[in-house]
Amino acid sequence: MRQMPARAPKIDDEVRDLYQGHLGDFTAGRQALAKRLRQAGDARAAEVAGLAKPPLSAWAVNRLFAREPKGVAALVGAGERARAAQRKVVAKGDPAALRQAIEAARAEVERLTGRGAAILTEAERAPGEAIVERLRTNLEALAFNPATAPVAERGWLDEDLEPPGFEVLAGLQLAAAGGRPAAAAKTPPAKPAGKKPATVHGFEEGRRAAVARRERAAQEDAERRERAREAVERRERIEQAKAELRRAETEVDARRRESERADRAAEEARGKLERSREAATRAREALETAERS
């Protein structure tokens, strides 16, 4: 997650608008802004020229920053409340507020994931499961990972965010259940009879499932990229073959025109030769007549 140095507010706003705007306009907009800065002698031109075009899943979050500012603010606020409530629970506070904050954050993650998927469908096409899963992970990171606070403040992503770590999620869930993470290893909470032990186990299962989904999504992405690469190579070969055909046809036309010109020149030469022979014959006859007289 690349952090940009402090800049003039106007440039900050233009960069934010660039990332929150239509993805198809990103490259041209970046080049235009960098060119204008270069012409103005602004040293930040190279920095702007190096801005990375976001992947679809990150761009969907950027559009949510623009179109759902209250929802994103609610998501980030719920995450902040969850972390604050966690600290109180660790100090033997009431876990009810933490549970409410976690539930609020998760509800907003799901709602915004649906909105982000709809935005992608409007702008591009219906996103695949892998892109939707990365979109959800970005939103979870904004909610539960305090390291993403600068991203939430600036309002745009240039790449997908790292998911919140298992320790963060497990700590929140354990605190919400009334336990204290620091003592959990020594004094696990009592398990009600006949029920599954602990929420941490559920988080571990969820983490493994999320890892499996990410690995599957990565494999699917790799396969899609390979198919796209092969399609590009096929199109390039077809275009190359078409270009060679056009060059060959142009050369055939040129040779045919040369042949036609040569045929006309040969015909003209034959006509001249015939006329020259006729003139020579007449000259000989005139000479013979003159000699006999």
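Once a new chain begins, its residue numbering starts again from 1 and follows that chain's sequence as written. Reporting of local features is limited, given that this is a predicted model, to residues whose pLDDT is at least 70; pairs of side-chain atoms are given and counted only at 80 or more, and all residues count toward the totals for whole chains, interfaces and linings. By convention in this description, side-chain values take in all heavy atoms of the structure and omit both hydrogens and water.

Participant: A description of the overall build of the protein chain should follow, citing residues and the corresponding values.
Facilitator: Under the scheme used here, helices are H or I runs from DSSP no shorter than 4 residues and strands are E runs no shorter than 2 residues, and both carry numbers assigned from the N terminus. The helix and strand inventory of the protein chain stands at 11 helices and zero strands. Secondary structure elements in the protein chain, listed N-terminal to C-terminal, are α-α-α-α-α-α-α-α-α-α-α. Looking at the 293 residues of the protein chain, the share that counts as buried comes to 32%. Any two residues whose heavy atoms approach within 4.5 Å at even a single point are treated as in contact. The long-range fraction of contacts in the protein chain, counting pairs at least 24 apart against all pairs at least 6 apart in sequence, stands at 74%. Using the Shrake-Rupley algorithm and a 1.4 Å probe, accessible areas are obtained, with residue cover drawn only from the displayed protein chains. Counting every atom, the protein chain has about 18300 Å² of accessible surface; 54% of that belongs to carbon and sulfur. For every residue, the accessible area (1.4 Å probe, protein chains only) is compared with the maximum for its type, and the residue is labelled buried under 20%, exposed over 50%, or partly exposed between those bounds.

Participant: How would you sum up the side chain of Thr137? Please name residues and give values.
Facilitator: In this fold, Thr137 is placed in helix 7 (residues 129-144). Discounting chain neighbours no more than four positions away, the residues touching Thr137 are Leu161, Pro163 and Pro164.

Participant: Quick one: what's the story with the pattern of salt bridges, residue by residue and with numbers?
Facilitator: Oppositely charged side chains are able to pair whenever their charged atoms sit close together. Whenever Lys or Arg places a side-chain nitrogen within 4 Å of a carboxyl oxygen from Asp or Glu, that contact is recorded as a salt bridge. The tally for this structure, following the rule as stated, stands at 15 salt bridges. Ionic pairing is found between Glu14 and Lys10, a salt bridge with its closest N-O pair at 2.9 Å. Taken together, the positions of Glu14 and Lys10, both in helix 1 (residues 9-20) and four residues apart, correspond to about one turn of that helix. The class of Lys10 is exposed, set by a relative accessible area of 53%. Between Asp158 and Arg154 there is a salt bridge; the shortest N-O distance is 3.8 Å. Judged by its relative accessible area of 7%, Asp158 is buried.

Participant: Explain the nonpolar core to me, using residue names and the numbers behind them.
Facilitator: Soluble globular proteins: nonpolar side chains tend toward being buried together. As used here, the term nonpolar core means buried Ala, Val, Leu, Ile, Met, Phe, Trp, Tyr and Cys residues forming a set that is joined through side-chain atoms within 4.5 Å. With 26 residues, the main nonpolar core has Val61, Leu64, Leu75, Leu139, Leu142 and Leu157 as its most contacted residues. Those elements that provide at least two residues to this core are helix 4 (56-67), helix 5 (69-90), helix 6 (96-123) and helix 7. Looking at this core, the element that brings in the most residues is helix 7, giving seven residues. In this view, Leu139 contacts Val61, Leu64, Leu75, Val109, Leu112 and Thr113; residues no more than four positions away in its chain are not counted. One finds Val15, Val48, Leu51 and Trp156 within the second-largest nonpolar core, a separate group that totals 12 residues.

Participant: Let's hear about the packing of helix 6 against helix 7: which residues, and what values?
Facilitator: Two numbers describe how helix 6 lies on helix 7: the axes approach to 9 Å, and their chain directions differ by 140°. On the basis of their axis angle, the class for helix 6 and helix 7 is oblique. Relative to helix 7, helix 6 is oriented so that their crossing is right-handed. Between helix 6 and helix 7, the contacting residues are Ile102, Ala105, Arg106, Val109, Glu110, Leu112, Thr113, Gly116, Ala117 and Leu120 on the first element and Ile131, Val132, Leu135, Arg136, Leu139, Glu140, Ala143 and Phe144 on the second. Gly counts as polar in this scheme, as do all residues outside two lists: the nonpolar Ala, Val, Leu, Ile, Met, Phe, Trp, Tyr, Cys and Pro, and the charged Asp, Glu, Lys and Arg. Residue composition of the contact of helix 6 with helix 7, grouped by class: 12 nonpolar, two polar and four charged. Between the N-to-C directions of two axes lies an angle of 0 to 180 degrees, each axis being a line fitted to C-alpha atoms and, for a helix, fitted only over the stretch in contact. Under this scheme an angle from 65 to 115 degrees is roughly perpendicular, one under 35 degrees roughly parallel, and one over 145 degrees roughly antiparallel; angles in between are oblique. Definitions for this section: a left-handed crossing has its near helix turned counterclockwise from the far helix by less than a right angle. A right-handed crossing has that turn clockwise.

Participant: I'd like a rundown of the packing of aromatic side chains, residues and numbers included.
Facilitator: Pairs were defined over the aromatic rings of Phe, Tyr and Trp, the Trp ring being its six-membered one, requiring ring centres within 6.5 Å. Orientation was assigned from the angle between planes: stacked under 30 degrees, edge-to-face over 60, tilted for the rest. Applying the stated rule across the entire model yields two aromatic pairs. Between the aromatic rings of Tyr19 and Trp156, the centroid separation amounts to 4.2 Å while the plane-to-plane angle is 5°, which identifies the pairing as stacked. Here Tyr19 is found in helix 1, whereas its partner Trp156 is found in the loop between helix 8 (149-154) and helix 9 (166-176), with 137 residues between them in sequence. Assessed through its relative accessible area of 0%, Tyr19 is described here as buried.

Participant: Go over the packing of helix 4 against helix 6 with me, naming the residues and quoting the values.
Facilitator: Helices that pack against each other are described as a pair by the angle of their axes relative to one another and the distance between those axes. At a minimum axis distance of 9 Å, the contact between helix 4 and helix 6 shows a crossing angle of 105°. Classified by the interaxial angle, the pair formed by helix 4 and helix 6 is roughly perpendicular. Facing Leu56, Trp59, Ala60, Arg63, Leu64 and Arg67 of helix 4, the residues of helix 6 in contact are Leu112, Arg115, Gly116, Ile119, Leu120, Glu122 and Ala123. Classifying every residue of the contact of helix 4 with helix 6 by side-chain character gives eight nonpolar, one polar and four charged.

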